[in-house]
2 protein chains.
Amino acid sequence: MRISHSRRLEPGSTSRRVYSSLREAIIAGELEPGQRISENELAERLSVSRTPIREALTLLRDERFVQVVPQLGTFVTRISSAAVADAQFVREALECAAVRVAAERADRNDIAALEGLIRRQEEVVAETNYERFALLDDEFHAAICEISGRGFAWEVAQRAKGHLSRVRRLSLPQPNYLSTMVVEHHAVLDALRRGSPDDAEAALRHHLRMVLSAVPALRDEHPDYFEDEEERSA
Amino acid sequence: MRISHSRRLEPGSTSRRVYSSLREAIIAGELEPGQRISENELAERLSVSRTPIREALTLLRDERFVQVVPQLGTFVTRISSAAVADAQFVREALECAAVRVAAERADRNDIAALEGLIRRQEEVVAETNYERFALLDDEFHAAICEISGRGFAWEVAQRAKGHLSRVRRLSLPQPNYLSTMVVEHHAVLDALRRGSPDDAEAALRHHLRMVLSAVPALRDEHPDYFEDEEERSA
DNA sequence: CCCTGTATACTTACATACAAGTGGTAATGA
DNA sequence: TCATTACCACTTGTATGTAAGTATACAGGG
């Protein structure tokens, strides 16, 4: 529990700041899966009352980032393979549908913007900066959804991602991971340039499934981060 | 504002009851688009304090069912054609992806269950009961997602639906609407029976787009329910 | 008549107090 | 030594109080 020291609160309403702060802390692994978090302690650390804390936790619970057990405590959810698969399915469905539209709508400016993003990614690959690459990767996928005219799809996909983001963050330090990603981004861009929805969808689908391949290794490395014996309850 | 009289609170935690109650009231149109709702008034009507009201509104704001303006008021969002299109895109992408999987996985029991649902729908069509049909329609689509092994997709789709549900509810009283729906359900089921992902996807996509066709007529009938001059703000 | 400034009655955002329930722990008895 | 029981510290859920901001109605001056 080192939120207040390591992470400054961004501008916005208090509860919004708390929400963003906690969400990022969970995805970044600063709050570990299974860890119990206390409303009172959070309120003290962040120097706010319990009310905005509770509002933030309400949202995080809705995203399955935390699990609230009445009169017992609030816990950071463990990563469930089933939940990861669910998130993958949602993201794949939404982004692949978006890229098909994008392939038909992308103009020269759109293509140029994507090329610029990939160039920046290549720079980051050279310096092996996982943190910045993750941001640029998100930008690339968001840009595709934006080109399709359905930026909302990216919002939903990112929302549903949940556990997926945590897995990705954990799985970054793998050999050739970043360079492989860039190659696949190129494949998607080529398909967009040709205006081929089928090729673009296939390339993106293949790309999106790369992340999943790392899950088994992660389970071996951090078995306590995963929780698969019990299904998600309503 | 006739919540307390027309709608009983379901079991569950207080804030959860308030949330469900308000959500259904908005979708059903009991709370009209653009209407201002007061935390104090809601708390009084539902005989609870403002705290659970605020938690429910936090969730509803996240789903774009309400818009909260600080120090001014909370308003039921108007229906935006862009938001409806977004919801349609999300639903279409998720359910079409699910039905492809379902076409490959459905066994005799699954097909029989869907047949049973359609039979019940035919009964409801005979009595022209829009309310019950809406429930059975949801059950049908949820069942398809369930068969695909990705029930989560239905949860996300339903969440994203938002304004879409409100449009559907408004658009029900149209001639031959229900019988057309059943015919299209049959088409989807036939494709599933044949185990053809392509046909199932095509049939479902066609079916899902039926709802949208009613939007223009609705805008003419209830122009004050729609809000399209300003884009949704972050 | 019109414009302007002010008081007021609302609103949400946040802080705090109280209630109800849980699990661990230590004391007590066999 | 072990089982049982009562207690206590802690949790979240709910209620209420305080602060700050907005729109509106109204009075007064031009």
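Asks: Explain the domain arrangement of chain A here, please?
Replies: By a widely used convention, the size of an interface equals the accessible area lost when the partners come together. All names here are of chain A. Taken domain by domain, chain A comprises domain 1 (11-76) and domain 2 (81-221). Centre-to-centre, using C-alpha coordinates, domain 1 lies 28 Å away from domain 2. Carbon and sulfur atoms make up 56% of the surface buried where domain 1 meets domain 2, a total of about 680 Å² over both sides. On the domain 1 side of the contact with domain 2, Ile 27, Glu 63 and Phe 65 bury the most area, a combined 55% of that side's loss. Our enumeration of links across domain 1 and domain 2 arrives at 1 salt bridge. Residue Arg 159 is joined to Glu 63 by a salt bridge in which the shortest nitrogen-to-oxygen separation is 4.0 Å. Top element by residues in the side of domain 1 that touches domain 2 is helix α2 (residues 14-27). It accounts for 3 residues. Tallied by class, residues from the side of domain 1 that touches domain 2 come to 6 nonpolar, no polar and 3 charged.

Asks: What should I look at first to understand the side chain of Ser196(B) in this one?
Replies: Tracing the chain through its elements places Ser196(B) in the loop between α10 (177-194) and α11 (197-212). Leaving out residues up to four positions away in the same chain, Ser196(B) has contacts with Ala103(B) and Ala191(B).

Asks: How should I be thinking about the sheet that holds strand β3 (residues 73-76) of chain A in this particular structure?
Replies: Where strands meet in a sheet, backbone hydrogen bonds hold them as pairs that are either parallel or antiparallel. Residue and element names in this part refer to chain A. Strand order in the open sheet formed by 3 strands is β1-β3-β2, with antiparallel pairing between adjacent strands. Both outer strands of the open sheet, β1 (36-37) and β2 (66-69), are each paired with one neighbouring strand and no more. In this structure, β1 lies alongside β3, joined through 2 bridges in antiparallel fashion. Bridging from a neighbouring strand, Arg 36 pairs with Phe 75 of β3.

Asks: It is not clear to me how the protein's contact with DNA strand D should be interpreted in this structure. Could you clarify?
Replies: If you check the shell around DNA strand D, you find 22 residues, and the closest are Arg54(A), Gln71(A), Thr14(B), Ser49(B) and Thr51(B). If you list the elements that add at least two residues to the surface near DNA strand D, you get α3 (39-46), α4 (50-62), β2 and β3 of chain A together with α2 (14-27) and α4 (50-62) of chain B. Sorting elements by how many residues they give to the surface near DNA strand D places α4(B) first, with 3 residues. For the surface near DNA strand D, the per-class residue count stands at 8 nonpolar, 10 polar and 4 charged.

Asks: How should the nonpolar core be read in this particular structure?
Replies: Core analysis: the largest hydrophobic core is formed by 39 residues, its most contacted members being Leu22(A), Leu22(B) and Ile53(B). Counting only elements with at least two residues in this core, the list comes to α2, α3 and α4 of chain A together with α2, α3 (39-46) and α4 of chain B. With sequence-adjacent residues up to four places away left out, Ile53(B) is seen in contact with Val18(B), Glu39(B), Leu42(B), Ala43(B), Leu46(B) and Val48(B).

Asks: Could you clarify how one ought to interpret the state of the cysteines in this entry?
Replies: Under the definition given, this model contains 0 disulfides over all chains. Here Cys145(A) stays unpaired: no disulfide links it, and the sulfur of Cys96(A), its closest cysteine neighbor, is 10.0 Å away.

Asks: Mind showing me how you'd approach the pairing of strand β2 (residues 66-69) of chain B here?
Replies: Two faces belong to every sheet, and in a regular strand the side chains alternate between them. Residues and elements named next belong to chain B. The pairing of β2 with strand β3 (residues 73-76) spans 4 bridges and is classified as antiparallel. Looking at the pairing, Gln 67 lines up with Phe 75 of β3. Count of turn residues in the β2/β3 antiparallel hairpin: 3 residues, of which Gln 71 carries a positive phi of about 60°.

Asks: What am I meant to see in the interface of chain B and chain A here?
Replies: At the interface, 25 residues of chain B touch 24 residues of chain A. Of the roughly 2300 Å² buried between chain B and chain A on both sides combined, carbon and sulfur atoms contribute 61%. When residues of chain B are sorted by the area they lose upon contact with chain A, Phe89(B), Arg150(B) and Phe152(B) head the list and together hold 27% of the total. Summed over the shared surface of chain B and chain A, the number is 8 salt bridges.

Parameters at a glance
Residues numbered from 1 in each chain as written. Chains lettered and ligands numbered in written order. Predicted model: local features only at pLDDT ≥ 70, side-chain atom pairs only at ≥ 80, totals over all residues. Heavy atoms only, no water. Domains from an automatic or database assignment. Buried area = accessible area lost by both parts, 1.4 Å probe. Salt bridge = Lys/Arg side-chain N within 4 Å of Asp/Glu carboxyl O. Helix = DSSP H or I, 4+ residues; strand = E, 2+ residues; numbered from the N terminus. Nonpolar A, V, L, I, M, F, W, Y, C, P; charged D, E, K, R; others polar. Contact = heavy atoms within 4.5 Å. Pairing = 2+ DSSP bridges. Near = heavy atom within 4 Å. Core = buried A, V, L, I, M, F, W, Y, C linked by side-chain atoms within 4.5 Å. Buried < 20%, exposed > 50% of the residue type's maximum accessible area, 1.4 Å probe, protein only. Disulfide = S-S within 2.5 Å.

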